[in-house]
Amino acid sequence: MSASNNINITLKVWRQKNAQSKGQLESYDLKNVSTDSSFLEMLDQLNEELINEGKSPVTFDHDCREGICGACSLYINGRPHGPGNRVTTCQLHMRSFKDGETIYVEPWRAAAFPVIKDLMTDRSSFDRIQHAGGYVSVNTSGNTQDANALPIEKENADKAFDAATCIGCGACVAACKNASASLFVAAKVSQYALLPQGQVEAKDRVLNMVKQAQKEGFGPCSNTGACEVECPKGISLENIARMNREYLAASLSK
Amino acid sequence: MSEAKGLIKSHTVKKYWMAATGLFLCIFLIGHLAGNLQLFMDGYEGRLQFNEYAVFMTTNPAVKLLSYLTYFSILFHAVDGLVITINNRKARPQGYAYSKPGENSIWSSRNMGILGTVILAYIIVHMQNFWYIYKFGTTPFMMSEDGSSPLLKDGTVVKGGSIENGDVVMAGENLGPAMRDLYEIVIQGFQEPLLVAFYVLGMIAIAFHLMHGFQSGFQSFGLKSGKYGKLIDKVGLAYAIIVPLLFAVIPVYLFMIK
Ligand code: HEM
Ligand code: SF4
Ligand code: FES
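Here the residue numbering is sequential within each chain, running from 1 through the sequence in written order. By the order in which they are written, chains take letters starting at A while ligands take numbers starting at 1. Only residues with pLDDT of at least 70 get local features here, since the model is predicted, and only at 80 or more are side-chain atom pairs given and counted; chain-wide, interface and lining totals rely on the full set of residues. Side-chain calculation: all heavy atoms of the structure are included, whereas hydrogens and water are not.

**What about the sheet that holds strand β3 (residues 173-177) of chain B?**
All names here are of chain B. The strand order across the open sheet built from 3 strands is β1-β2-β3, with neighbouring strands paired in antiparallel fashion. A single partner strand is all that each edge strand has here, and the edge strands are β1 (162-164) and β3. Going from strand to strand, the sheet's axes swing by 40° on average, the running direction of each strand aside. The pairing criterion for strands is at least two bridges between them, as found by DSSP. To qualify as a helix, a DSSP run of H or I must reach at least 4 residues; to qualify as a strand, a run of E must reach at least 2; elements of each kind are numbered from the N terminus. Note that strand β2 (residues 167-170) and β3 share 4 bridges and pair antiparallel. From the neighbouring strand, Val-169 faces β3, where its bridge partner is Asn-174. Axis definition: a line fit to C-alpha positions, over the contact stretch in the case of helices; interaxial angles, taken between N-to-C directions, run 0 to 180 degrees.

Put into structure tokens, the structure is as follows:
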């Protein structure tokens, strides 16, 4: 085990009382932060100090703290989930920062992700996109079919699985200059488009999910590729290509 | 037709139009470049061939149709691009205090609207420089090699003819419009260093625009995938460097040698 070091950092954290208030960056000096702690543990440490001082702690989203739920977010030092690729904020460690470093911590910025408080945003727009078509209507009453009864090519099964690893964190939106949800929607469209079970509703699915994303206020896709680089699960731009193909075919034939 | 209305309003459909017009313009540029490269031909032969080409480009019905398609594409692309850029901005009303977009995307991809505006300014100046003057301005006329006789648009030299109001006249008879000397206008135009610099700038903007735009157009139609994806990236990069470079070399060359 490498020896743990302690570092001192300066944090510039976005503080905002509620959705209506304006909000601003606040500066905090934090001493003796273990380089072995995760970014969220570092924020816990900050909050303990704030509570001890009788101040209001920083609100931020978190749940699993093991990179699988998508709850943690945070735009850290100019990038979603901070420096490095394929990492969620809960899996980002303080050894990625230097002693004496100033670290900016901001919420996801998107019209469709309004700030609730401090660093916590309302991502229910993603849920509504899912409700618009991110499912297969399988009747499960009584006589469920064996899942392996339908043969599926390995290649498609793998691609569908890769798409299904999207954890709905919203880093793709946060990274995109247009706050576009294309990578998220494309992942959700692709995971079914590649499977036989998904065919029945395929056309409605892509049309409705894309429409809902626009209705929620997510922007158009400029194909910058920022989402793919920042996605903690490495969801590929190929999914966006697939979504664009599916959408074109569906709108021509529907 | 509420469905159709939704389709025109869709971000995705706007991007199909953007890609269709943009990629059509990429094909147009190849044809345009092939024409321009004739300016490298020296002497009377070169001058004659270029001016005959100019006649062909302004009179051939098929070329006319293509030119309307090109005008439409430029206009539609510019307007659609403006609407898209506005929508892009709307989706993030409040920006980040500290952001490092260079870590995840190339500059061109984030500045297509600005690059497009430079290109549009370039196109307007360019049309005024050559197309407008050729069509409506006072231009020099193409003469036979010994400088004595005018030419008709089909290239016939009219010995003993003269030019009146742009038409070739011989013995009181009007034989039709005279061939204009666009070659001369181009050569004269590029004696002005500022204009040469402006043209080079326009081509730099197109290069950066296409460094992202070429492959982006394919991605918008969902055509970038698997092994073709990498190939499209490579062809796009090659196109974005070679085509604007060849365009830009012409004014610089004409400025230096004449
Ligand atoms: C000969 C000139 C031009 C060519 C060959 C060209 C080509 C292209 C291509 C291939 C694309 C990619 C389409 C896509 O991503 O789906 C594109 C995008 C774009 N073009 Fe052009 N273009 C030209 C001129 C212009 C002009 C004059 C403007 C604006 C005034 C403009 C503005 C844009 C914008 C804003 C985009 C990006 C849209 C986005 O994805 O956010 N372009 N162009
Ligand atoms: S596509 Fe990637 S970045 Fe976007 S929500 Fe899914 S996991 Fe997060
Ligand atoms: S807290 Fe679940 S992914 Fe980070």
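**Digging into the interface of chain A and chain B**
The contact definition used throughout considers only heavy atoms, calling two residues in contact when any of these lie within 4.5 Å. Tallying the contact residues gives 44 residues for chain A and 38 residues for chain B. In total, about 3400 Å² of surface goes out of reach between chain A and chain B, with carbon and sulfur atoms giving 51% of it. When two parts are put together, the accessible area they lose, computed with a 1.4 Å probe and summed over both, is reported as buried area. The three residues of chain A that bury the most area against chain B are Arg-109, Pro-220 and Asn-223 of chain A, which together make up 18% of that side's buried surface. Think of a salt bridge as a Lys or Arg side-chain nitrogen and an Asp or Glu carboxyl oxygen that are within 4 Å of each other. Viewed at the interface, chain B and chain A are joined by 1 salt bridge. Across the pair Arg-79 of chain A and Glu-103 of chain B runs a salt bridge, and its minimum N-O distance is 3.4 Å. Where the side of chain A that touches chain B is concerned, the elements lending two or more residues are β5 (102-106), α4 (171-175), α6 (202-216), α7 (226-230) and α8 (238-253) of chain A. Tallying contributions element by element places α8 of chain A first for the side of chain A that touches chain B, with 8 residues. Each residue gets one of three labels, nonpolar for Ala, Val, Leu, Ile, Met, Phe, Trp, Tyr, Cys and Pro, charged for Asp, Glu, Lys and Arg, and polar for the others, Gly among them. When the residues that make up the side of chain A that touches chain B are grouped by side-chain class, the tally is 25 nonpolar, 12 polar and 7 charged.

**Points about the nonpolar core**
By nonpolar core is meant a set of buried Ala, Val, Leu, Ile, Met, Phe, Trp, Tyr and Cys residues that side-chain atoms within 4.5 Å join together. The buried label applies to any residue whose accessible area, calculated with a 1.4 Å probe on protein chains only, is under 20% of its type's maximum; exposed applies above 50%, and partly exposed to all values in between. With 40 residues, the main nonpolar core has Phe-126, Ile-129, Val-173, Val-185, Val-206 and Phe-218 of chain A as its most contacted residues. Those elements that provide at least two residues to this core are α2 (124-131), α4, α5 (182-193), α6 and α8 of chain A together with α2 (11-36) of chain B. Here this core gets 6 residues from one element, more than from any other, and that element is α5 of chain A. Setting aside anything within four residues of it in sequence, one finds Val-206 of chain A in contact with Val-189, Met-243, Glu-246, Tyr-247 and Ala-250 of chain A.

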